[in-house]
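As a plain string of letters, each chain reads:
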Amino acid sequence: MDVMWLVFFALLGACVGSFLNVVIWRLPRGESIVFPSSHCPACGRPIRWFDNVPLVSWLVLRGRCRACHAPISPRYLLIEAATAAMVVGLYVAYYMLDLRDGLGAFNESWPTFLAHAALWCGLLACAAVDVEHWIVPLEVCWFVSLVGLVVGAVAPPDAAILPRVSPVVGAMGVAAAVGLGAAMLLTRWGLLRPSFIDADDKASTVTEESNSPGKKGRRIVAVAATKKDGINPRVEILHEVLFLAPAGALAAAVALLAAHVPAAGQWLNRLGDAGRTGPFAAHLGGFQAALVGYLVGGLWIWGMRIGGTLAFGKEAMGLGDVHLLAAVGAVTGWIVPSLTFFAAPVLGLLWGLRLMLSRRQRELPYGPWLAVAAGAVMIFHDPLLAAMQAAFHISPAP
Ligand SMILES: [Zn+2]
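Cut-offs applied
Residues numbered from 1 in each chain as written. Predicted model: local features only at pLDDT ≥ 70, side-chain atom pairs only at ≥ 80, totals over all residues. Heavy atoms only, no water. Phe/Tyr/Trp six-rings, centres within 6.5 Å; stacked < 30°, edge-to-face > 60°. Helix = DSSP H or I, 4+ residues; strand = E, 2+ residues; numbered from the N terminus. Buried < 20%, exposed > 50% of the residue type's maximum accessible area, 1.4 Å probe, protein only. Lys NZ or Arg CZ within 6 Å of the ring centre and 35° of its normal. Patch = residues over 30% accessible without salt bridge, like charges linked within 9 Å, V, L, I, M, F, W, Y side chains within 5 Å. Areas by Shrake-Rupley, 256 points an atom, 1.4 Å probe, with all protein chains shown as cover. Salt bridge = Lys/Arg side-chain N within 4 Å of Asp/Glu carboxyl O. Axes fitted to C-alpha atoms, helices over the stretch in contact; angles between N-to-C directions. Parallel < 35°, antiparallel > 145°, perpendicular 65-115°, else oblique. Left-handed = near helix turned anticlockwise from the far one by under 90°. Contact = heavy atoms within 4.5 Å. Nonpolar A, V, L, I, M, F, W, Y, C, P; charged D, E, K, R; others polar. Donors = N, O, S within 2.8 Å, 3.2 Å for Na, K, Ca; no water. Tetrahedral: all angles 85-135°; square planar, octahedral: opposite > 155°, others 65-115°. Polar contact = N/O pair within 3.5 Å; in protein donor to acceptor, adjacent residues only side chain to side chain.

- As annotated in an unreviewed UniProt entry, the chain is Prepilin peptidase A24 N-terminal domain-containing protein from marine sediment metagenome.

This is how it looks when you write it as structure tokens:
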């Protein structure tokens with residue numbers, strides 16, 4: 001049975017990888033991912049279906065366009081192979097090595113598996129785009145977040161896979177989401193101003209001539225805005241604080257209400273009580289767990305961005321990283337993005353040290369480190385959590 005699924009997921013992964021190649025090429029260039037169909041970037045001729053078979057076609061054509069013989073980047077082959085290996089690897093880790101508690105058999109937990117696999121594929125696409133363009137494709141993060149919220153609500157996994165939150169925290173999450181929606185509307189109506197508004201053109205993206213041999217041509221790199229660009233990052237970041245204010249205020253209001261008005265707290269508890277509301281409680285609990293994961297994941301990075309910018313007077317962390325860790329949380333709940341937040345800088349620092357020793361670079365894209373750390377934390381979640389609980393003397397809930 002396992003072998004059949006392994007073959008199926010290898011083929012599915014290669015096909016998804018083929019689609020990820022389209023996403024990785026087109027999204028940062030502002031092109032549609034559905035139209036037009038695949039074409040050779042050199043001669044513009046459409047790629048026929050038999051030249052577009054994942055893995056096989058690149059090897060058969062030996063990495064060249066059939067029409068103009070222009071070389072096709074080995075990245076296409078690499079992404080397809082990596083995606084297939086990742087989906088198969090996740091299946092092996094979850095169902096053959098049983099590395100995660102609470103998953104059970106595949107025929108029970110397959111929606112969770114698909115959501116986790118979608119997250120891994122999304123992280124791969126984000127990392128690949130971030131390495132090349134220094135931006136995180138937000139559409140990928142939004143799609144993965146939506147998958148996480150839907151699976152959490154429709155097919156709520158075991159609490160060991162998607163950690164649940166108390167009814168009050170769940171209600172605070174819903175209130176914060178309403179606040180974020182309100183802030184987005186206020187921004188659209190022009191009542192809130194987006195931050196770093198001029199920086200988009202002046203500083204955030206700069207086309208840089210690459211002089212290094214073998215990497216000729218221009219590439220777009222994101223550069224953190226500083227005072228020299230005619231904007232004050234410390235003032236700009238306050239617009240983001242204002243943007244978050246309605247969410248914070250509503251969540252605080254719910255917490256105060258639940259603490260000081262007994263009827264409100266009792267109503268929330270009854271809503272989440274399976275004995276009273278039946279299956280509704282399970283679906284509500286799963287949705288709130290995913291929603292709080294989304295918010296906690298985003299808040300780790302956004303909090304550091306606001307704190308770092310205020311402290312150093314220089315734009316710290318990209319908003320793309322906020323969306324990326326939020327997506328991790330929407331699929332896995334609040335614990336994985338929290339562990340990831342502390343694991344990623346370790347990986348990034350090691351690499352940064354190596355770069356500093358070899359050549360000077362102004363900044364590092366952070367997305368790939370978040371992606372790698374999140375993937376590792378998902379696999380080694382159980383021993384990591386046990387180690388954390390032992391280190392901080394937290395006894396697991398009975
Ligand atoms: Zn061509």
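**A closer look at the packing of aromatic side chains**
Right, on to step 1. Scanning all chains against the criterion turns up 19 aromatic pairs.
Right, on to step 2. With a centroid separation of 5.2 Å and an interplanar angle of 45 degrees, the aromatic rings of Tyr 91 and Tyr 95 are classed as tilted. Within this pair, Tyr 91 and its partner Tyr 95 are both found in helix H3 (residues 75-96), separated by four residues, close to a single helical turn. For the residue pair Tyr 91 and Tyr 95, the accessibility class agrees, reading buried in each case.
Right, on to step 3. Pairwise contacts between aromatic rings join Trp 5, Phe 8, Phe 9, Tyr 91, Tyr 94, Tyr 95, Phe 106 and Phe 113 into one cluster.
Right, on to step 4. Here the basic side chain of Arg 29 rests over the ring of Trp 25, its NZ or CZ set 3.6 Å away from the ring centre.
Right, on to step 5. We note Arg 75 situated over the ring of Tyr 76; from NZ or CZ to the ring centre the distance is 5.3 Å.

**Remarks on a nonpolar patch on the surface**
Right, on to step 1. Residues Phe 19, Ile 33, Val 34 and Phe 35 make up a contiguous nonpolar surface patch of roughly 440 Å² in combined accessible area.
Right, on to step 2. With respect to the helices and strands, the residue Val 34 is situated in the loop between helix H1 (2-26) and helix H2 (56-60).

**Here we look at the packing of helix H11 (residues 279-312) against helix H12 (residues 319-332)**
Right, on to step 1. Where H11 contacts H12, the two axes come as close as 7 Å, and the packing angle between them is 155 degrees. Between H11 and H12, the angle is such that the two are roughly antiparallel. Regarding H11 and H12, the two cross each other, and that crossing is right-handed. Contacts between H11 and H12 pair Ala 290, Gly 293, Tyr 294, Gly 297, Gly 298, Trp 300, Ile 301, Trp 302 and Arg 305 from the former with Leu 319, Asp 321, Val 322, Leu 325, Ala 326, Ala 327, Gly 329 and Ala 330 from the latter.
Right, on to step 2. The class makeup of the residues in the contact of H11 with H12 is eleven nonpolar, four polar and two charged.

**Topic: the coordination of the zinc ion**
Right, on to step 1. Those donors, Cys 40 (SG), Cys 43 (SG), Cys 65 (SG) and Cys 68 (SG), are the protein atoms that reach the zinc ion, and they lie 2.3 Å from it.
Right, on to step 2. Viewed at the metal, the four donor atoms of the zinc ion are separated by angles of 105 to 117 degrees, and the geometry they form is tetrahedral.
Right, on to step 3. All donors to the zinc ion come from one chain, and their sequence spacing reads C-x2-C-x21-C-x2-C. Of the two residues, Cys 40 is situated in the loop between H1 and H2 and Cys 65 in the loop between H2 and H3; the sequence distance between them amounts to 25 residues. Here the two residues Cys 40 and Cys 65 agree in accessibility, since each one is buried.

**Observations regarding the side chain of Glu 240**
Right, on to step 1. Mapped onto the secondary structure, Glu 240 falls in helix H8 (residues 233-260).
Right, on to step 2. Polar contacts involving the side chain of Glu 240 include one to the side chain of Ser 195, which spans 2.6 Å.
Right, on to step 3. Side chain to side chain, Glu 240 and Trp 302 meet in a polar contact 2.8 Å long.
Right, on to step 4. Sequence-distant contacts of Glu 240, defined by excluding residues within four places in its chain, comprise Ser 195, Phe 196, Trp 302, Arg 305 and Leu 319.

**Let's talk about the side chain of Thr 83**
Right, on to step 1. For Thr 83, the position within the fold is in helix H3.
Right, on to step 2. Residues in contact with Thr 83, not counting those within four places in the same chain, are Gly 13, Val 16, Gly 17, Leu 20, Cys 121 and Leu 124.

**Considerations on the environment of Ala 282**
Right, on to step 1. Within the element layout of this structure, Ala 282 appears in helix H11.
Right, on to step 2. Among the residues examined, Ala 282 registers a relative accessible area of 41% and is labelled partly exposed.
Right, on to step 3. Expressed as a C-alpha distance, the spacing of Ala 282 and Val 154, which sit 128 residues apart in the sequence, is 9.2 Å.

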